[in-house]
There are 2 protein chains.
Amino acid sequence: MSDGKIRNMEDFAALSGISRPTISKYFNDPQSVRQSTRAKIEEAIERYDYRPNIFAMNQNRKLTKNVGIVVPYLADPFFAEIARNIEQRCIDSGYRPTLFSSHGDPELEVEILDTLRSLKPAGVLIAPLGRASRKGALERFCKDVPTVLFDSNLEGIGAAFVGSDNFSFVSQTVEYMTRTGAPPAFFEMRTPANPNANKRRSAYIEMMSRLGFDPKVIQIDGEGWAFEEIGRRGAHKVLEDGSLPTDAILCSNDRLAIGFLSACYERGLKVGRNPDCVLRVASNDDHPFSKFTCPALTTAAHDYERVAEHSVDSLFLLIENGGSLPTREETLFPARLVLRASA
Amino acid sequence: MSDGKIRNMEDFAALSGISRPTISKYFNDPQSVRQSTRAKIEEAIERYDYRPNIFAMNQNRKLTKNVGIVVPYLADPFFAEIARNIEQRCIDSGYRPTLFSSHGDPELEVEILDTLRSLKPAGVLIAPLGRASRKGALERFCKDVPTVLFDSNLEGIGAAFVGSDNFSFVSQTVEYMTRTGAPPAFFEMRTPANPNANKRRSAYIEMMSRLGFDPKVIQIDGEGWAFEEIGRRGAHKVLEDGSLPTDAILCSNDRLAIGFLSACYERGLKVGRNPDCVLRVASNDDHPFSKFTCPALTTAAHDYERVAEHSVDSLFLLIENGGSLPTREETLFPARLVLRASA
DNA sequence: AATAAAAATTTACGCGCGATAACTTTTATA
DNA sequence: TATAAAAGTTATCGCGCGTAAATTTTTATT
């Protein structure tokens, strides 16, 4: 201290002319001290560049300002985007987000939950793996830690769910394709990892019935999260054996569609809505790359911003409410149809 | 304790029949206690599911087991992939990695360094933004915290650098294109954010000279990290005004190439090595998506695994060495040429 | 100016663990 | 079996901060 080095809050308090407990209060919640005191403290922070020891803070606080963000697969730019959005909102609200990716591995997902526990987070935002998730472990975790699920819903788990309205997605793409051409067949994985996939299939079937058409579901084999490659192989297979029931294809998600379009290109099949095209392909998600496929992908877009915003707001509400909410609300946002060249 | 709940290491020590200092030693380094004691402790951990309070640990330890990983742009699957690889290696070595993305923002990069300081990390692995990075802040950070740079080198900053040998990349693609067709023109951003881009341009010019050809560099406008869109617009422009000096194009990186191919498709220009193709396009990086472009992209691939492995090994060596190394080593790994349909 | 309410201060303790010194027990090597 | 080295034990302190009670100072209201 005499050498100008501030070692702890005590030193900083002495130099700034404010008592330590008040400084502590300030860092706990800047609004809890008088405006004039706050100004003094902030000036001193600026001058001495002091920050409290984060470990000592978190050790003693009943509730830390940590927030965990867990996504199933960070190498998927869709999740990277939404994670970025959520991350920023947490920072802006004075929380300290930490980002985790399950990398498609259920065991890793559970390990992350374990790590999160030790971080004593104020709350957690998790997009679970889905079908593969260890539901028991997740459920136990949500009992102990205020948790909001996003993107993938698991019935009854977590205090709230925020995601996209799969019916809104599929109904728009189906309606559009039908109106401007022919009713589409639905292209998906046989055993999709993500629960949204099942909802999308149901929505497709429902929508086709409403419009008076026979639903045609094409299910391809494949496991894991390499959706593009699975879509590409699956497309090659159905294009090879001619089992495609129609020339209008609606893919369950953009990553499958990316693979599908890749296969079409490799086989010299022109995709699009021009007269010389033999196929039309649409999809769901508005993946960051879907603008750059060949042709560019017609797709139903997530409202990233609103999903992120409402997820974070739900979590903060949950935290302020002491970790529980009266009912488990499921909030679904509609899609926005993005017309590009592929359909 | 009497109610079965273990509140701290003291309780756990009592239940496991080992003294607390020994337990503490074990968690600091499991190898530092006798085999028989270790077995007892591990059995007790298993039985009581005890884990030490991470905040109390880090507060008092001279050196934490925290490792920071910083990438410039996590929505780029290339960085997501390499981050995943590094992350896993850290975990396997008993460290606790935390992942950060600068999201292309130099201010955020500096903020992350600030956050990292407060985490008292044993070491940090950072792929800096490059040209836009606040070099002063980075340099100061590296003086205080053992840091290894990867992917993007900043002269003299950090204790070591691990990346890819840009000459190996470009020389292979140039040589291949020249041998199998014509010497390529080099397609890049005018003011690239990443220092690798400059090295690639130099390598291109050098390689063309060696082969006895005139280097032809096409520089397109654009700022930021939306490389695909920049590449697409740039391609449209040069294809529009016919300023392309040759029909063989080597893109500085895959993301630009993705945009380039997208533009070609939109203009009905067939790309590839078949006789009916009017352009050949190759690139560098082997981006996860480059297998699914139309046509699939011929590119020089990073050795993700070796870069990740050597980065982590360098950091651990640095840590064991007390935070400094005799010389600042720069390790570059060669590329592996991946032949696909585009060139 | 009087008074109550709000805010800041002083004092004191506790959190869970790291680290050390002095001592005792176990193990290794002869 | 003797003996030194290695490992474990007991006891005690300190880290940097949260938190609470009692007290004093400042602010707001009449």
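Structure report, in brief. (Residues numbered from 1 in each chain as written. Chains lettered and ligands numbered in written order. Predicted model: local features only at pLDDT ≥ 70, side-chain atom pairs only at ≥ 80, totals over all residues. Heavy atoms only, no water.)

Some words on the protein's contact with DNA strand C
Convention followed: The nearness test applies per residue and asks whether one of its heavy atoms lies within 4 Å of the molecule or strand. Counted as a polar contact is a pair of N or O atoms within 3.5 Å, where, for protein atoms, one must be capable of donating a hydrogen and the other of accepting one, and residues adjacent in sequence contribute only when both atoms are in side chains. Counting from the N terminus, the helices are the DSSP runs of H or I reaching at least four residues and the strands are the DSSP runs of E reaching at least two. Amino acids outside the nonpolar list (Ala, Val, Leu, Ile, Met, Phe, Trp, Tyr, Cys, Pro) and the charged list (Asp, Glu, Lys, Arg) are all regarded as polar, and Gly is one of them.
Near DNA strand C there are 26 residues, and of these Thr22, Thr37 and Asn60 of chain A together with Met9 and Ser24 of chain B occur at the shortest range. What you see for DNA strand C is that sugar and phosphate hold 70% of its atoms within 4 Å of the protein. With respect to DNA strand C, the backbone of Arg34 of chain A contributes an N or O atom lying 2.8 Å from a phosphate oxygen. Here a phosphate oxygen of DNA strand C and a backbone polar atom of Asn53 of chain B are 2.7 Å apart. Among the elements of the structure, α2 (20–28) and α4 (54–60) of chain A together with α2 (20–28) and α4 (54–60) of chain B are those that each provide at least two residues to the surface near DNA strand C. It is α4 of chain B that provides the largest number of residues to the surface near DNA strand C, a total of four residues. Its residues placed into classes, the surface near DNA strand C shows eight nonpolar, 12 polar and six charged.

Things to note about the protein's contact with DNA strand D
In the neighbourhood of DNA strand D, 28 residues make up the surrounding shell, with Met9 and Ser24 of chain A together with Ser19, Thr37 and Asn60 of chain B lying closest. Within 4 Å of the protein, the contacting atoms of DNA strand D are drawn from sugar and phosphate to the extent of 68%. In the environment of DNA strand D, a base oxygen lies 2.8 Å from a nitrogen or oxygen atom belonging to the side chain of Arg20 of chain A. One of the side-chain N or O atoms of Thr22 of chain B is found 2.8 Å from a phosphate oxygen in DNA strand D. If you list the elements that add at least two residues to the surface near DNA strand D, you get α2 and α4 of chain A together with α2 and α4 of chain B. Residues that form the surface near DNA strand D fall into these classes: nine nonpolar, 12 polar and seven charged.

Quick word on the environment of Phe169 of chain B
All names here are of chain B. We apply this condition: Buried means the residue's accessible area, taken with a 1.4 Å probe over protein chains only, is under 20% of the maximum for its type, while exposed means over 50%, and partly exposed covers the values in between. Note on contacts: a residue pair is in contact if any heavy atoms of the two residues lie within 4.5 Å.
As for its placement among the helices and strands, Phe169 is situated in helix α8 (residues 166–180). When its relative accessible area of 0% is taken as the criterion, Phe169 is described as buried. In sequence terms Phe169 and Ser93 are 76 residues apart; their C-alpha atoms lie 31 Å from each other. Setting aside anything within four residues of it in sequence, one finds Phe169 in contact with Ser164, Arg200, Asn284, Asp285, Ala300, Ala301, His302, Phe333, Pro334 and Ala335.

Brief notes about the interface of chain B and chain A
Spelled out, the test is: The term buried area denotes the loss of accessible surface (1.4 Å probe radius) that occurs when two parts are joined, taken as the sum for both partners. A carboxyl oxygen of Asp or Glu within 4 Å of a side-chain nitrogen of Lys or Arg is what we treat as a salt bridge.
On the chain A side, the residues contacting the 40 residues of chain B number 39 residues. In total, about 3700 Å² of surface goes out of reach between chain B and chain A, with carbon and sulfur atoms giving 65% of it. Remark: the boundary between chain B and chain A carries four salt bridges. We note a salt bridge from Arg51 of chain B to Asp114 of chain A, for which the minimum N-O separation is 3.1 Å. On inspection of chain B and its partner chain A, the count reaches six residue pairs in polar contact (both at pLDDT 80 or more). Among the elements of the structure, α4, α5 (77–92), β2 (96–101), α6 (106–118), α10 (227–240) and α11 (254–266) of chain B are those that each provide at least two residues to the side of chain B that touches chain A. Split into classes, the residues belonging to the side of chain B that touches chain A amount to 17 nonpolar, 11 polar and 12 charged.

Some remarks on the pairing of β2 of chain B
All names here are of chain B. Rules: A pair of strands is treated as paired once DSSP finds two or more bridges between them. Looking down the strands as they point away from you, a crossover is right-handed if its path from the first strand over the helix to the second goes clockwise.
Across the six residues that make up β2, a large majority, five, are buried. Judged from the six bridges that link them, strand β1 (residues 66–71) and β2 form a sheet pairing that is parallel. Of the residues in β2, the one forming a bridge with Val67 is Pro97. Handedness of the β1-α5-β2 crossover: right-handed.

A closer look at unusual backbone geometry
Here Cys294 of chain A and Pro295 of chain A are connected by a cis peptide whose omega angle stands at -5°. In this fold, Pro295 of chain A is placed in the loop between β9 (280–285) and β10 (298–301). Backbone geometry at Asp285 of chain B places phi at a positive 130°, although glycine is not the residue there. By secondary structure assignment, the location of Asp285 of chain B is in strand β9 (residues 280–285). Owing to a relative accessible area of 13%, Asp285 of chain B belongs among the buried residues under this scheme. The backbone of Asp286 of chain B sits at a positive phi, close to 55°, despite the residue not being glycine. You can see Asp286 of chain B is positioned in the loop between β9 and β10 (298–301). The buried category is assigned to Asp286 of chain B, whose relative accessible area is 15%.

Looking at helix α10 (residues 227–240) of chain A
All names here are of chain A. To keep it simple, the criterion reads: Expected helix span is computed as 1.5 Å times (number of residues minus one).
With 14 residues, α10 ought to run about 20 Å at 1.5 Å a step, and its terminal C-alpha atoms sit 19 Å apart, in line with that. In terms of residue burial, α10 counts as a mostly covered element, since 11 of its 14 residues are buried. Those residues of α10 not exposed but buried are Phe227, Glu228, Glu229, Ile230, Gly231, Arg232, Gly234, Ala235, His236, Val238 and Leu239. Residues of α10 that are buried sit in contact with β6 (185–189), β7 (217–220) and α11 (254–266). Phi turns positive one or two residues past the end of α10, at Gly242, with a value near 65°.

Remarks on the sheet that holds β10 of chain A
As a general point, the strands of a sheet are linked pairwise by backbone hydrogen bonds and lie either parallel or antiparallel. Residues and elements named next belong to chain A. Condition: To define axes, lines are fitted to C-alpha atoms, for helices over the stretch in contact only, and angles between the resulting N-to-C directions are given on a 0 to 180 degree scale.
On the basis of which strands lie adjacent, the open sheet formed by six strands has the order β7-β6-β8-β9-β10-β12 and mixed pairing. At either margin of the open sheet sits one strand with a lone partner, and together these are β7 and β12 (336–338). Ignoring which end each strand starts from, the neighbouring axes of this sheet average 20° apart. When β6 meets strand β8 (residues 248–251), the two strands line up parallel, connected through three bridges. Residue pairing across strands places Phe187 opposite Cys251, the latter belonging to β8. Helix-sheet contacts for helix α8 (residues 166–180) involve β8, β9, β10 and β12, and the interaxial angle to β9 is about 165°.

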